[in-house]
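Here are the chains, one letter per residue:
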Amino acid sequence: MGRRIGLMGDEAVAYAVKQCDVGLVSAYPITPQTIMVERISEYVANGEIDTEFVCVESEHSALSVCVGASLSGLRVFTATASQGLALMHEVLYAASGLRCPIVMAVANRALSAPLNIHCDHSDMMGSRDCGWVQVFAENVQEAYDWVIQAFKIAEHPDVQLPTVVNLDGFTLTHCMEDVEVLEDEDVKKFLPPRKPIYWVDPKQPMTFGAWAMPNYYYKFKLQQQEAIMRSLKVVKEVGEEFGKLTGRRYDTLYGYGLEDAEVAVLSMGSTSGTIRYTARRLRESDGLKVGALKLWLFRPFPEEDLVSALEKVKVLIVLDRALSPGAVFGPLGSDIASLMVKHGLDFKLLNYTYGLGGDEVTPEMAEKLFKLGLKVAEGAKPPSLTGYVREVV
């Protein structure tokens with residue numbers, strides 16, 4: 001269907017944006033996202049795309065420009081990382097509240113202090129409740145594929161919400177992989193031009209971002225909640241359609257070995273490949289009943305799919321690549337704990353933090369995690385229910 005070229009994660013995102021007939025891009029460069037902005041600006045300067053590129057003085061301004069452009073009816077893209085996403089925080093809520101189907105790529109990076117330019121998920125976890133649809137890519141191919149799908153998800157009439165594609169800083173953004181890209185005409189068939197439902201039009205005046213008293217404000221918020229929950233179905237439909245086009249089918253999550261696994265590890269992002277590789281090796285070499293579960297879709301949280309995937313597991317180890325100081329569990333661990341209470345799930349839950357500031361989980365560490373889980377499944381007491389992976393194993 002397509003052709004194979006070598007691309008780094010940042011370049012793959014820019015290439016996908018190039019093919020998506022985007023009307024406006026506004027972004028501020030920040031490591032490790034910078035290459036995305038550089039490549040897109042090169043496409044514009046070379047006349048390869050008919051896109052307005054707006055240079056701004058900050059990430060707050062970048063997303064503000066995107067909100068205005070989206071309300072004018074354009075297809076819009078931006079990108080950021082770490083401190084840049086933090087600076088956008090105010091506007092993230094405005095974008096979702098105004099129902100702007102903006103697509104953003106986040107090159108996940110640790111927040112200072114101390115200063116660190118490497119990967120963890122602290123940036124996106126700090127904005128996890130901003131009302132955006134949120135997906136995490138495992139590799140460069142997925143980053144490319146998800147950007148194209150993200151526009152279709154965000155602009156769907158039942159959704160109309162901004163969508164963010166997360167890719168791990170440096171691990172993916174600066175890692176070159178063999179990527180199968182679609183032909184331009186195939187992307188155009190999959191993703192027709194945007195047809196805005198509501199937009200700023202002098203001929204048909206509408207009010208956007210009006211003052212809302214308490215008796216109306218909550219109604220707007222409930223409409224956002226309904227819309228993001230409807231996106232669950234849309235994500236599946238878009239993933240199915242994309243799979244028919246490319247042979248690469250996407251969903252809310254992806255499991256390995258869960259049909260009989262006693263112990264499973266749940267993760268997001270690039271570490272999911274390491275976890276799955278280790279699970280496969282332990283099953284094939286030692287016959288251990290272990291499995292891996294990768295979460296593609298973080299918001300909305302695909303609770304029904306997770307319940308189905310975890311129904312036979314005795315021990316679940318949830319990996320959070322972000323620290324929640326003072327909290328009982330990390331962001332993902334807290335969601336799973338809530339899931340257990342709501343649906344009466346009966347497995348044992350361990351929630352470990354890992355990967356802060358680029359501190360990766362190795363296959364050896366993953367193996368120790370699985371074997372720890374197997375001991376717990378047999379009745380042993382874990383060293384702790386929470387903690388940092390490198391300290392626990």
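As the structure is a computational prediction, the values presented were derived from the model and not from experiment.

Draft legend 1. Representation of the sheet that holds strand β13 (residues 315-320) within the structure. The six strands lie next to each other as β9-β11-β10-β13-β14-β15, forming an open sheet whose pairing is mixed. Unpaired on one side and paired on the other, β9 (253-256) and β15 (386-388) mark the two borders of the sheet. Neighbouring strand axes in the sheet, compared pairwise and without regard to direction, differ in orientation by 20 degrees on average. Bridge analysis of β9 against strand β11 (residues 290-295) gives four bridges, and the strand direction is antiparallel. The residue bridging Y256 from the neighbouring strand is A292, located in β11. Helix α11 (residues 331-343) rests against β10 (263-267), β11, β13 and β14 (348-353) of the sheet, and its axis sits at about 145 degrees to β13.

Draft legend 2. Fine view of the packing of helix α6 (residues 140-154) against helix α8 (residues 214-246). At their nearest, the axes of α6 and α8 sit 10 Å apart, and the two run at 130 degrees to each other. With respect to their mutual orientation, α6 and α8 come out oblique. Considering only the axes of α6 and α8, their crossing is right-handed. The residues of α8 that touch α6, namely those facing D145, W146, I148, Q149, K152 and I153, are V234, V235, V238, G239, E241 and F242. Of the residues in the contact of α6 with α8, the class split is seven nonpolar, two polar and three charged.

Draft legend 3. Region of interest: the sheet that holds strand β4 (residues 76-80). Spatially, β3-β2-β4-β5-β7-β6-β12 is the arrangement adopted by the seven strands of the open sheet, whose pairing is mixed. Across the chains shown, the open sheet's two edge strands, defined by having one partner strand only, are β3 (52-54) and β12 (297-299). Taking each pair of neighbouring strands and ignoring which way they run, the sheet shows an average axis angle of 20 degrees. Pairing geometry for strand β6 (residues 133-136) and β12, over two bridges, is antiparallel. By the bridge assignment for β12, Q134 is matched with R299. Along the sheet face, helix α2 (residues 34-45) touches β2 (24-26), β3, β4, β5 (103-108) and β7 (163-168) and points at about 135 degrees away from the line of β3.

Draft legend 4. Representation of the pairing of β7 within the structure. Within β7, six of the six residues are buried, leaving the element largely enclosed by the surrounding structure. Burial along β7 is two-sided: T163, V165 and L167 facing one way and V164, N166 and D168 facing the other are all buried. One ladder, built from six bridges, connects β5 with β7; its direction is parallel. Each bridged residue has a counterpart across the sheet, and for V106 the counterpart in β7 is N166.

Draft legend 5. Summary view of the pattern of salt bridges. Applying the stated criterion across every chain, the model contains 29 salt bridges. Between R283 and E259 there is a salt bridge, with the nearest N and O atoms lying 3.7 Å from each other. Taken together, the positions of R283 in helix α9 (residues 271-286) and E259 in the loop between β9 and β10 put the pair 24 residues apart, joining distant regions of the chain. E259 gets classed as exposed once you look at its relative accessible area, which sits at 52%. As a salt-bridge pair, E360 and R321 come within 3.2 Å of each other at their nearest N and O atoms. Placement of the pair is E360 in the loop between β14 and α12 (363-377) and R321 in the loop between β13 and α11, with a sequence separation of 39 residues. Judged by relative accessible area, R321 falls into the buried class, the value being 2%. The network of salt bridges with shared partners includes R4, D145, D178, E180 and R248.

Rules behind the numbers
Residues numbered from 1 in each chain as written. Predicted model: local features only at pLDDT ≥ 70, side-chain atom pairs only at ≥ 80, totals over all residues. Heavy atoms only, no water. Pairing = 2+ DSSP bridges. Helix = DSSP H or I, 4+ residues; strand = E, 2+ residues; numbered from the N terminus. Axes fitted to C-alpha atoms, helices over the stretch in contact; angles between N-to-C directions. Contact = heavy atoms within 4.5 Å. Parallel < 35°, antiparallel > 145°, perpendicular 65-115°, else oblique. Left-handed = near helix turned anticlockwise from the far one by under 90°. Nonpolar A, V, L, I, M, F, W, Y, C, P; charged D, E, K, R; others polar. Buried < 20%, exposed > 50% of the residue type's maximum accessible area, 1.4 Å probe, protein only. Salt bridge = Lys/Arg side-chain N within 4 Å of Asp/Glu carboxyl O.

So yeah, pure geometry; function would need other evidence.
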